[in-house]
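# Architecture and fold: a report
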Amino acid sequence: MTTPTGRFAPSPSGALHFGSLVAALASYCEARSRQGRWLLRIEDVDTPRVVAGAGDQILRDLEAFGFEWDGGVVYQSERFDQYRHYLEQLIDQGDCYACECSRRMLREQGVQSGALGLIYPGLCRTRGLAPENHSLRLLTEADQRVGFRDRVYGEFALDLPECVGDFVLRRRDNIYAYHLAVVVDDELQGINQVVRGADLLENTCLHLYLQRRLGFSTPSYMHLPLVNNADGVKLSKQTGADPLDHRNPSRLLLAALSHLGQQPPRDLEDGNPRTVLQWSCDHWNAAAITPQRSPIAETFGY
Ligand code: GLU
């Protein structure tokens, strides 16, 4: 039987926040409640966006909350050779092409935006530009709709050419795109269950498409309801969410469990975080997760 293998894959572009804790906890419970492996991958592929010290802080946060991962920590910044290898495969297959359109240029031309940004209209497809000093895009014309069954949100599909267009796999400044890195890493690390925030639902369609082009397997996907701040905006590093407070990790874990529809006994709050994690894995009920977002105040029982 295949070992369930999940992962937590934070980007070190800032400190972990309550929404990150929800993703760490749910991915951990999914794997550990089925005697599976749980891996930690620091997604520092976009090196200019890495905040100094954030990667180490993430490890300290996870330790303070009682999480234990299998094997060593994987850093995307050490895996560029892998990304290059698979990008070359796509180029050889004729799935990729070089593009010199800048975002500004596309905006000036009135190109439309979709859920994932500008919908690239394929202007450079047939120009035969050299890959050097240009971005590389993946052709999306072969398959029309790409869909999957999410374990919380149900059927989800996107018409890639219409809603996204050919998307970038390597930027002009030679930075590999998150889409390429995450798909390659999940395959090479044997990840068969992906659990992450619902802000990545649309992205998953891109990942499925890329998996097919590369001949990779497809994990199961579970996207989690997001947590909103007091203004109704999703908690994120970009919107300045508070970093995780280490003073009472068990209390925060209980709040994360209640956001995920689990019903932990309140007195666990007085125990150590490892005890809360053990309870969480022993009583994990993924079916109780609903797509509703909850405001942060509600998750803390205020
Ligand atoms: N690195 C992404 C983030 O921090 C998560 C990617 C994923 O789980 O696939 O939002």
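The rules behind these values
Residues numbered from 1 in each chain as written. Predicted model: local features only at pLDDT ≥ 70, side-chain atom pairs only at ≥ 80, totals over all residues. Heavy atoms only, no water. 1 Å grid on protein atoms, 1.4 Å probe; cavity = no way out; pocket = protein on both sides within 12 Å on 5 of 7 lines; lining within 4 Å. Points joined across faces, edges and corners; volume = space filled by probe spheres on them. Nonpolar A, V, L, I, M, F, W, Y, C, P; charged D, E, K, R; others polar. Salt bridge = Lys/Arg side-chain N within 4 Å of Asp/Glu carboxyl O. Helix = DSSP H or I, 4+ residues; strand = E, 2+ residues; numbered from the N terminus. Buried < 20%, exposed > 50% of the residue type's maximum accessible area, 1.4 Å probe, protein only. Pairing = 2+ DSSP bridges. Right-handed = clockwise from strand over helix to strand, strands pointing away. Contact = heavy atoms within 4.5 Å.

Roughly 360 Å³ of volume is contained in the second largest pocket. Grouping the amino acids of the lining of the second largest pocket by side-chain chemistry returns 9 nonpolar, 6 polar and 3 charged.

Glancing now at the pattern of salt bridges. Within the structure shown, the criterion is met by 21 salt bridges. Note that Arg 41 and Asp 186 form a salt bridge whose closest N and O atoms lie 2.9 Å from each other. Of the two residues, Arg 41 sits in strand S2 (residues 37–42) while Asp 186 sits in helix H6 (residues 178–188), which places them 145 residues apart along the sequence. Ionic pairing is found between Asp 173 and Arg 171, a salt bridge with its closest N-O pair at 3.0 Å. Residue classification places Asp 173 among the partly exposed positions, given a relative accessible area of 45%. By relative accessible area, Arg 171 is classed as partly exposed at 29%. Taken together, the shared-partner salt bridges in this structure form one network comprising Arg 7, Arg 41, Glu 43, Arg 79, Asp 185 and Asp 186.

Counting buried residues in strand S11 (residues 193–197) gives 5 out of 5 residues, a clear majority hidden from the surface. Relative to strand S12 (residues 220–224), S11 runs parallel, the two being bridged by 5 bridges. Each bridged residue has a counterpart across the sheet, and for Val 195 the counterpart in S12 is Met 222. Considered for its hand, the β-α-β crossover made up of S11, helix H7 (residues 201–214) and S12 is right-handed.

Let's shift gears to helix H8 (residues 249–259). Counting buried residues in H8 gives 9 out of 11 residues, a clear majority hidden from the surface. Taken together, the buried positions of H8 are occupied by Pro 249, Ser 250, Leu 252, Leu 253, Leu 254, Ala 255, Ala 256, Leu 257 and His 259. On the buried face of H8, the contacting elements are helix H1 (18–32), helix H2 (54–64), strand S13 (227–228), helix H9 (273–282), strand S14 (294–295) and helix H10 (296–299). Immediately beyond the C-terminal end of H8, within one or two residues, lies Gly 261, with a positive phi of roughly 80 degrees.

Further remarks concern the pairing of S2. Counting buried positions along S2 gives 5 out of 6 residues, so the element sits mostly inside the fold. Here strand S1 (residues 5–8) runs beside S2; their pairing, made up of 4 bridges, is parallel. Note on S2: the bridge partner recorded for Phe 8 is Leu 40. The parallel pair S2 and strand S3 (residues 74–75), bridged by H2, forms a crossover whose chirality is right-handed.

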